[in-house]
Amino acid sequence: MHSQQVTAEPPSNDTVGEVPRVLWSPASGADRAPLIFDVIIAGCGPTGAMLAAELRLHNVRVLVLEKETEPKSFVRIVGLHIRSLELMAMRGLLDRIRQHGRQRPAGGFFAAIPKPAPKDLDSAYAYLLGIPQPVIEQLLEEHAIELGAQVRRGCAVAGFEQDDEGVTVELADGEQLRSRYLVGCDGGRSTVRKLLGVGFPGEPSRTETLMGEMEVGVPQEEIAAKVAEIRETHQPFWLRPFDEGVYSVVVPAAGVSDRAEPPTLEDFQQQLRTIAGTDFGVHSPRWLSRFGDTTRLAERYRVGRVLLAGDAAHIHPPIGGQGLNLGVQDAFNLGWKLAAQIRGWAPETLLDTYQAERRPVAEDVLDNTRAQMELLSTEPGPQAVRRLLTELMDFDEVNRHLIEKITAIGIRYDFGEGPDLLGRRLPDIDVKQGNLYGLLHHGRGLLLDRTERLTVGGWSDRVDYLADPTATLDVPCVLLRPDGHVAWIGDDQQDLNDHLSRWFGKPANRP
Ligand SMILES: Cc1cc2nc3c(=O)[nH]c(=O)nc-3n(C[C@H](O)[C@H](O)[C@H](O)COP(=O)(O)OP(=O)(O)OC[C@H]3O[C@@H](n4cnc5c(N)ncnc54)[C@H](O)[C@@H]3O)c2cc1C
């Protein structure tokens, strides 16, 4: 099977970015596998699992293909930032996830500058949840399966072809499967992206860092004093007590390698000796990992019936802990739009708003990680900028801006002219039934009407309605998309109907 991009959707429909070279492959029918699935997702990492669950909320037939036979064994601790915690709350997952993590303060993540977050951050979930990545992946996979997604492990996507009806996906063992759409959630080295021929421009790694958890052989006070001394000149360096005698260790690597396999304990000992003059008696590692500062962004997120999400679309250094969060949020943005396309009610350009909204967010994350990496440099210039920024972060607005960036609660999609709230996410406000996010578990739109005069009319199969004059809002009514972003603000029924059409297509009772 060849691997170039083939789209049978008219190129003029594709309103985002440059139109690719289109290889038209008209339906020929007979020799194709039956179209059993609506969507095939390549990769069951956090992005793929979240997307599968979001699609299942709309009864989309989903198959997730994961090349690994077993869930990942490396225990990388990641942080779920505020916006991701809000997404989990919106789908009723937060209590389950919270049991497996540790709440930490939300501040101090921008370039590891230790400033506490402003006390009045506008979220009911204003903290970071530290949690092992395999646990998140397992919980999201379980959630997707509970909702009816099929997950097949040990199946690597090796090729595909698109035509006017769907995508034929070929597995590494030659098996062919068909679906209407394919989404590459297959990580930074994405096979789907490469086969699509989508460019992935950016910068290769300039530095590499070793990261792991292990036990130490010297007292904590001795470590703390030495670490404070080293951090004067080496920023990506720490040994922090993590759990019952286990330390989290971060140390610059000897050089940049392109090795996919984890480093060894000897690599850590060697680098600790080189930088600190002692290896702190490290031993008994729990897990060891390396990361670089490669920074790349896919030129397009969609070519016809094939889309990209998560690390397959963007990679950047882990500083600030944003990658998994960004991928899960991509999935949250894409899920309801792709479901609408499959259910047949999507307005013509809805699916393309995925790239239009999410690619600029990724661009911004790439930029903030570039800036943070500079601020970690031990060169005198960047160190001076770091000192200056540290001073500036004493100004509440500066600190707030950076925290809202890292935690993704500051995102405002461009929905056109309107009040500042338009395009932003609505926090989890109090409503008469309890809390707003408790009403969003089914992934539908919601009209929150304080006037008690409006109606969602023919859109009631896609949009819920809540009349609540007591809701803590300072506008009369808001229309929320299934991802919790504010799609309309006002009190006029005709204007509302126009916006319902814009986001939710034609009403059910109209042809
Ligand atoms: C050291 C380190 C620390 C990090 N810390 C944080 C943090 O604190 N917070 C944060 O938000 N992010 C963090 N990240 C980033 C985070 O780990 C990634 O952004 C996240 O894993 C991306 O999820 P994904 O599902 O898009 O891709 P992945 O997690 O890479 O998942 C892709 C999946 O696709 C599968 N796959 C690949 N090819 C194929 C194929 N051909 N067919 C089928 N399946 C395939 C893979 O086996 C894998 O399961 C960190 C990263 C590193 C390296």
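Values in this document were obtained by computation on a predicted structure and should not be read as measured data.

## With respect to the overall build of the chain
Here's step 1: From N to C terminus, the chain includes 12 helices and 24 strands.
Here's step 2: Expected size for 511 residues packed as a compact globule is a radius of gyration near 24 Å; at 24 Å, the chain falls within 12% of this value.
Here's step 3: Taken along the three principal axes of its C-alpha coordinates, the chain extends 75 × 60 × 40 Å.
Here's step 4: Counting the 511 residues in the chain, one finds 54% classified as buried.
Here's step 5: When contacts within the chain are restricted to residue pairs at least 6 apart in sequence, long-range pairs at least 24 apart make up 71% of them.
Here's step 6: For the chain, the computed accessible surface area is about 21,600 Å², with 50% contributed by carbon and sulfur atoms.
Here's step 7: In the chain, 55 positive and 73 negative side-chain charges are present, and the distance between their average locations comes to 1 Å.

## Thoughts on the packing of helix 1 (residues 46–56) against helix 4 (residues 133–146)
Here's step 1: At a minimum axis distance of 8 Å, the contact between helix 1 and helix 4 shows a crossing angle of 20°. For the element pair helix 1 / helix 4, the angle class is roughly parallel. Crossing of helix 1 over helix 4 shows left-handed handedness. Between helix 1, through Pro46, Ala49, Met50, Ala52, Ala53 and Arg56, and helix 4, the contact on the second element is made entirely by Gln133, Glu137, Leu140, Glu141, His143 and Ala144.

## Some thoughts on the site of the ligand
Here's step 1: Around the ligand, 30 residues are found, and the nearest of them are Glu66, Arg76, Gln133, Leu324 and Asn325.
Here's step 2: Taking Gly321, its main chain carries an N or O atom lying 3.1 Å from a nitrogen atom of the ligand.
Here's step 3: Here Asn325 contributes a side-chain N or O atom positioned 2.8 Å from an oxygen atom of the ligand.
Here's step 4: Protein chains bury 89% of the 1,000 Å² of accessible surface belonging to the ligand in isolation.
Here's step 5: If you list the elements that add at least two residues to the shell around the ligand, you get helix 1, strand 2 (62–66), strand 3 (77–80) and helix 8 (323–343).
Here's step 6: Of the residues forming the shell around the ligand, the biggest block, 3 residues, is contributed by helix 8.

## Focus on helix 2 (residues 82–90)
Here's step 1: Burial analysis of helix 2 places 9 of its 9 residues in the buried class, which makes it a mostly covered element.
Here's step 2: Taken as a whole, helix 2 has its buried residues at Ile82, Arg83, Ser84, Leu85, Glu86, Leu87, Met88, Ala89 and Met90.
Here's step 3: Each element contacted by the buried residues of helix 2 is listed here: helix 1, strand 3, helix 3 (94–98), strand 5 (127–132), helix 4 and helix 8.
Here's step 4: Backbone geometry just after helix 2 places Gly92 at a positive phi near 75°.

## Structural notes on the domain arrangement of the chain
Put simply, an interface is often sized by how much accessible area is lost when its parts join up.
Here's step 1: Along its sequence, the chain is organised into domain 1 (37–202 + 296–407), domain 2 (208–292) and domain 3 (424–504).
Here's step 2: Across the contact, 12 residues belong to domain 1 and 13 residues belong to domain 2.
Here's step 3: Between domain 1 and domain 2 lies a buried interface of about 1,100 Å² when both sides are counted; carbon and sulfur atoms form 56% of it.
Here's step 4: The tally of links from domain 1 across to domain 2 stands at 0 salt bridges.
Here's step 5: Where domain 1 packs against domain 2, one counts 0 residue pairs in polar contact (both at pLDDT 80 or more).
Here's step 6: Of all the secondary-structure elements, those providing two or more residues to the side of domain 1 that touches domain 2 are strand 4 (102–105) and helix 10 (380–392).

## What about a negative patch on the surface?
Here's step 1: A cluster of acidic side chains, namely Asp491, Asp492, Asp495 and Asp498, defines a negative patch on the protein surface.
Here's step 2: Mapped onto the elements of the fold, Asp492 is located in the loop between strand 24 (486–490) and helix 12 (493–504).
Here's step 3: On the accessibility criterion, Asp492 (39% relative accessible area) is partly exposed.

## Observations concerning the pattern of salt bridges
Here's step 1: Scanning the model with the defined rule gives 31 salt bridges in all.
Here's step 2: Between Glu141 and Arg153 there is a salt bridge, with the nearest N and O atoms lying 2.8 Å from each other. Separated by 12 residues along the polypeptide, Glu141 in helix 4 and Arg153 in strand 6 (residues 150–153) bring together distant segments of the chain.
Here's step 3: A residue is classified by how much of its surface remains accessible, and Arg153, at 24% relative accessible area, is partly exposed.
Here's step 4: Each member of the salt-bridge network shares a partner with another, and the members are Lys337, Glu357, Arg481 and Asp483.

## A closer look at the packing of aromatic side chains
Here's step 1: A complete count under the given rule lists 6 aromatic pairs for this structure.
Here's step 2: Considering the side-chain rings of Tyr301 and Tyr354, the 5.6 Å spacing of their centres and the 50° angle between planes classify their relative orientation as tilted. With Tyr301 in the loop between strand 15 (295–297) and strand 16 (302–303) and Tyr354 in helix 9 (residues 353–375), this pair connects stretches of sequence that are 53 residues apart. Each member of the pair, Tyr301 together with Tyr354, is buried.
Here's step 3: A ring pair is formed by Trp345 and Phe504, whose centres lie 5.9 Å apart and whose planes are at 35°; its orientation type is tilted. Separated by 159 residues along the polypeptide, Trp345 in the loop between helix 8 and helix 9 and Phe504 in helix 12 bring together distant segments of the chain.

## Thoughts on the environment of Phe109
Here's step 1: Summarising the element assignment, Phe109 is placed in the loop between strand 4 and strand 5.
Here's step 2: Phe109 sits in the partly exposed class, given a relative accessible area of 25%.
Here's step 3: Linking Phe109 and Leu94, residues 15 residues apart in sequence, is a C-alpha distance of 22 Å.
Here's step 4: Among residues more than four places away in sequence, those in contact with Phe109 are His81, Leu128, Gly320, Gln372 and Ile406.

The rules behind these values
Residues numbered from 1 in each chain as written. Predicted model: local features only at pLDDT ≥ 70, side-chain atom pairs only at ≥ 80, totals over all residues. Heavy atoms only, no water. Helix = DSSP H or I, 4+ residues; strand = E, 2+ residues; numbered from the N terminus. Rg over C-alpha atoms; globule rule 2.2 N^0.38 Å. Buried < 20%, exposed > 50% of the residue type's maximum accessible area, 1.4 Å probe, protein only. Contact = heavy atoms within 4.5 Å. Areas by Shrake-Rupley, 256 points an atom, 1.4 Å probe, with all protein chains shown as cover. Lys, Arg positive; Asp, Glu negative; His and termini not counted. Charge placed at Lys NZ, Arg CZ, Asp CG, Glu CD. Axes fitted to C-alpha atoms, helices over the stretch in contact; angles between N-to-C directions. Parallel < 35°, antiparallel > 145°, perpendicular 65-115°, else oblique. Left-handed = near helix turned anticlockwise from the far one by under 90°. Near = heavy atom within 4 Å. Polar contact = N/O pair within 3.5 Å; in protein donor to acceptor, adjacent residues only side chain to side chain. Domains from an automatic or database assignment. Buried area = accessible area lost by both parts, 1.4 Å probe. Salt bridge = Lys/Arg side-chain N within 4 Å of Asp/Glu carboxyl O. Patch = residues over 30% accessible without salt bridge, like charges linked within 9 Å, V, L, I, M, F, W, Y side chains within 5 Å. Phe/Tyr/Trp six-rings, centres within 6.5 Å; stacked < 30°, edge-to-face > 60°.

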